[in-house]
Amino acid sequence: MQHLLNILLALSLLSTAYAATAEEWRKRSIYQIITDRYALPEGADLNACDPAKQTFCGGTWKTIKDNLDYIQDAGFTAVWISPVSQNYEGPRTPYGDPYHGYWIADATKLNSRFGTADDLKALSDELHRRGMFLMVDVVVNNVMALETDPDLSTYMFKDKSQYHPYCPIQWGNTTSEQNCWLGDTNVTLPDVNTQDPTVVSAYTTWIKALVQQFNIDGLRIDAAKHVNMDFWPQFCGAAGVYCIGEVFDADAGQALQWQGKQALDAILNYPMYNALVQAFTIPGPQNMSAVTDMIAQIKQKSADPTLLGNFLEDQDVPRWASLSVDPQSLWNAMIFNFMSDGIPIVYYGQEQGFNGNADPMNREPLWPSKYSNTTTYQLITKLNQLRNFMINSTEDWVTSQVQVLSSTKDGIAFMKGSVVTVLTNIGSPPQNVSISAHTPWDNSLSTTDILTCRQYAVGSNGAIEVEYSRGGVPVILVPDNMLDNSGLCGHVAATVSSKGAQGAVNSTNGAPRQLATPLAFAVGLFAAVASFWL
């Protein structure tokens, strides 16, 4: 029943099969996949994939299509897959094989390792049948070679003038970062000359055709800051879909200049990622002010914070569990990404607690997890359920911007729309600390923490207080009168909301609901933590 509701609710939101706008994408949540590592064909050896070997393990577009229930049942409404273009085909390199899809040869051809054109179209069609969006990773900045003077006859661009001459990058020099070559002399990444009109014309023609042929809804742009900025409006304009770029920079001012009409719809929010690492990892600096400071910077410098891509993991950074030993640190930080401004993105395996530290070990196969219904998977499902409900039951929740209510060294309380979230970095062990804040809510307003389904009344002057004598558990408070038809905490789910909700919907939680006295927000780590999100 839940799966059927997911399909009905998501379908009611989908207005077109492709050419999805930024406005439509801000309402989505994204599950990121490395195509080779998500699922195997039936009968394949489930124990043969060793990420340290840096070679192909057998995932394809078809195996993604055949295993979408796992993603949709968690409430995700979009899937981001690896680049689909033809990759290097030759002897093994010093860094393994191009299982990841980023070593482009001819962008106009498909990667035969991942399947056929019919397979990719079938994946797209199946996602759209479920009311979900397809995001495809694209590499424009460079191709791949094994020398600095490669034979160009097999590439999309065959003339030397269509590439910048070889030079190693001088980091900090913008011209060098855009015109010199990524990679090294073992595996070179010849830099495509995106200032050349013939290159611009070929790329815009290609991306328009690719998007239309496979009904692609959005593009993730690899190495976006290594391309001249004025290329992107032409490229994304031809694509006609939402474009989010990788701008690998912790500095908000440097990174966010790539968002806007002069560049891209959005960027992956590396500045906030770095702030979350500083604030929540255990062990770590536990600098909560990094988050509040970054919220302020993003408000000031972002063209639209609600379009940014929020994440804790991807293929280029360490898994969270390799940085932080306490699961509560993951859950608190992850909730920030869902309940603050921006589009939440979950990298496959995060929900399974994968702990690979860096490339290639952070590119594990998912199938050894047996796609388990872990505590983190359950939490993600509930977060998607709440976020999707708020988007579809209100006019402006998704576009309203976060307001910080209070912040201490131990935690932060913030409000987005009518939802108050209280997070802490103390971890699982109990501590004699609390976080208090004043909300705009009326005295004695009845609210529910949707993670525990405990019901509380607000104190005088809108006061709330969360204390952690039983551990650092996150809290998400929603006024009870807003939860009707949500399917959360005993509230019956609507079959399809008037706005067309998206994502997972549970019929009922079944947890007891109790009215507490004002300021009674004692929460903690119960013996069975998993019961919080069942």
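In the block above lies the structure referred to throughout.
Residues numbered from 1 in each chain as written. Predicted model: local features only at pLDDT ≥ 70, side-chain atom pairs only at ≥ 80, totals over all residues. Heavy atoms only, no water.

A. Fine view of the nonpolar core. Within the largest apolar cluster, 114 residues are counted, with the highest numbers of intra-cluster contacts made by L219, F235 and V291. Not counting residues within four places of it along the chain, the set of residues in contact with V291 comprises M272, A275, L276, A279, F280, F336 and I412. The next biggest cluster of nonpolar side chains, apart from the first, holds 19 residues, and it includes Y242, A266, L268 and Y273. (Core = buried A, V, L, I, M, F, W, Y, C linked by side-chain atoms within 4.5 Å. Buried < 20%, exposed > 50% of the residue type's maximum accessible area, 1.4 Å probe, protein only. Contact = heavy atoms within 4.5 Å.)

B. Geometry of the packing of aromatic side chains. Per the counting criterion, the structure on display carries 24 aromatic pairs. Both rings, one in W25 and one in Y242, keep their centres 5.6 Å apart while their planes meet at 20°; by these two values the pair is stacked. One end of the pair, W25, is in helix α2 (residues 22-25); the other, Y242, is in strand β7 (residues 242-245), with 217 residues separating them in the sequence. In this structure, W25 and Y242 share a single accessibility class: buried. Look at F248 and Y270: their rings are 4.6 Å apart centre to centre, the planes differ by 45°, and that puts the pair in the tilted class. A residue pair is termed long-range when its members are at least 10 positions apart, and F248 in the loop between β7 and α10 (252-256) and Y270 in helix α11 (residues 270-280) qualify at 22 residues. (Phe/Tyr/Trp six-rings, centres within 6.5 Å; stacked < 30°, edge-to-face > 60°. Helix = DSSP H or I, 4+ residues; strand = E, 2+ residues; numbered from the N terminus.)

C. Just the state of the cysteines, in detail. Taken as a whole, this structure holds 4 disulfides when the rule is applied. Each sulfur in the disulfide pair C236 and C243 lies 2.4 Å from the other. Between C236 and C243 the sulfur-sulfur dihedral comes to about -120°; the bridge is accordingly left-handed. Just as C236 is buried, C243 falls in that class too. (Disulfide = S-S within 2.5 Å.)

D. Quick peek at the sheet that holds strand β12 (residues 411-416). The strand order β11-β12-β13-β18-β15-β16 describes an open sheet built from 6 strands, whose pairing is antiparallel. Of all strands in the sheet, those bounded by a partner on one side alone are β11 (403-408) and β16 (454-457). Across the sheet, the axes of successive neighbouring strands diverge by a mean angle of 20°, strand direction being ignored. Both β11 and β12 contribute to a ladder of 5 bridges, which runs antiparallel. By the bridge assignment, S406 is partnered in β12 with A413. Of the strands in this sheet, β12, β13 (419-424) and β18 (475-479) touch helix α14 (residues 327-339), which is tilted by about 155° from β13. (Pairing = 2+ DSSP bridges. Axes fitted to C-alpha atoms, helices over the stretch in contact; angles between N-to-C directions.)

E. How the structure looks around helix α8 (residues 197-214). In a regular helix each residue adds 1.5 Å, so 18 residues correspond to 26 Å; α8 covers 26 Å between its end C-alpha atoms and thus fits that length. Turning to α8, its buried residues number three or more, namely V199, V200, Y203, T204, W206, I207, L210, V211 and F214. Buried residues of α8, viewed axially, fall in a sector of 165°; they line one side. Exposed and facing more than 90 degrees away from the buried side of α8 are P197 and T205. Where α8 is buried, its residues contact α6 (117-129), β3 (133-138), β6 (218-221) and α9 (231-239). (Expected span 1.5 Å × (residues − 1). Arc of directions from axis to C-beta.)

F. The layout of surface pockets, seen in detail. In this model, the largest pocket occupies a volume close to 770 Å³. Lining the largest pocket are 27 residues, with W103, L189, D316, D359 and R363 positioned closest to its centre. For the lining of the largest pocket, the class distribution of residues is 14 nonpolar, 6 polar and 7 charged. Here the second largest pocket is characterised by a volume of approximately 270 Å³. Residue lining of the second largest pocket: 15 residues in total, with L40, P41, L46, W367 and Y371 positioned closest to the centre. By residue class, the composition of the lining of the second largest pocket is 7 nonpolar, 4 polar and 4 charged. (1 Å grid on protein atoms, 1.4 Å probe; cavity = no way out; pocket = protein on both sides within 12 Å on 5 of 7 lines; lining within 4 Å. Points joined across faces, edges and corners; volume = space filled by probe spheres on them. Nonpolar A, V, L, I, M, F, W, Y, C, P; charged D, E, K, R; others polar.)

G. Here's a closer look at the pairing of β13. For β13, the tally of buried residues reaches 6 of 6 residues, placing the bulk of the element in the interior. Residues V419, T421 and L423 point to one face of β13 and V420, V422 and T424 to the other, with burial holding for every one of them. With 6 bridges joining them, β12 and β13 adopt antiparallel strand pairing. Paired with K416 across the bridge in β13 is V419.

H. Summary view of the side chain of D217. With respect to the helices, strands and loops of the structure, D217 is situated in the loop between α8 and β6. Put simply, D217 is tucked away with no salt bridge, and the nearest opposite charge, on R28, sits 7.6 Å away. Polar side-chain contacts of D217 include one of 2.6 Å to the side chain of H128. (Lys, Arg positive; Asp, Glu negative; His and termini not counted. Salt bridge = Lys/Arg side-chain N within 4 Å of Asp/Glu carboxyl O. Polar contact = N/O pair within 3.5 Å; in protein donor to acceptor, adjacent residues only side chain to side chain.)

I. Looking closely at the packing of α11 against α14. Between α11 and α14, the shortest axis-to-axis distance is 10 Å and the interhelical angle comes to 150°. Overall, the two elements α11 and α14 adopt an arrangement that is roughly antiparallel. At the point where α11 passes α14, the crossing takes the right-handed sense. For the pair α11 and α14, the contacting residues are M272, L276 and F280 in the first and S329, N332, A333, F336 and N337 in the second. Here the residues of the contact of α11 with α14 sort into 5 nonpolar, 3 polar and no charged. (Parallel < 35°, antiparallel > 145°, perpendicular 65-115°, else oblique. Left-handed = near helix turned anticlockwise from the far one by under 90°.)

J. Examining empty space enclosed by the protein more closely. Inspection of every chain in the model, using the stated rule, returns 3 cavities of 30 Å³ or more. Considering only enclosed or pocket space, the largest cavity measures out at about 120 Å³ in volume. M272, I295, I298, S340 and D341 are, among the 13 residues lining the largest cavity, the residues nearest its centre. Secondary structure elements with two or more residues in the lining of the largest cavity: α12 (289-301) and α14. Of the residues in the lining of the largest cavity, the class split is 7 nonpolar, 4 polar and 2 charged.

Geometric descriptors of this kind do not, in isolation, establish any biological role.
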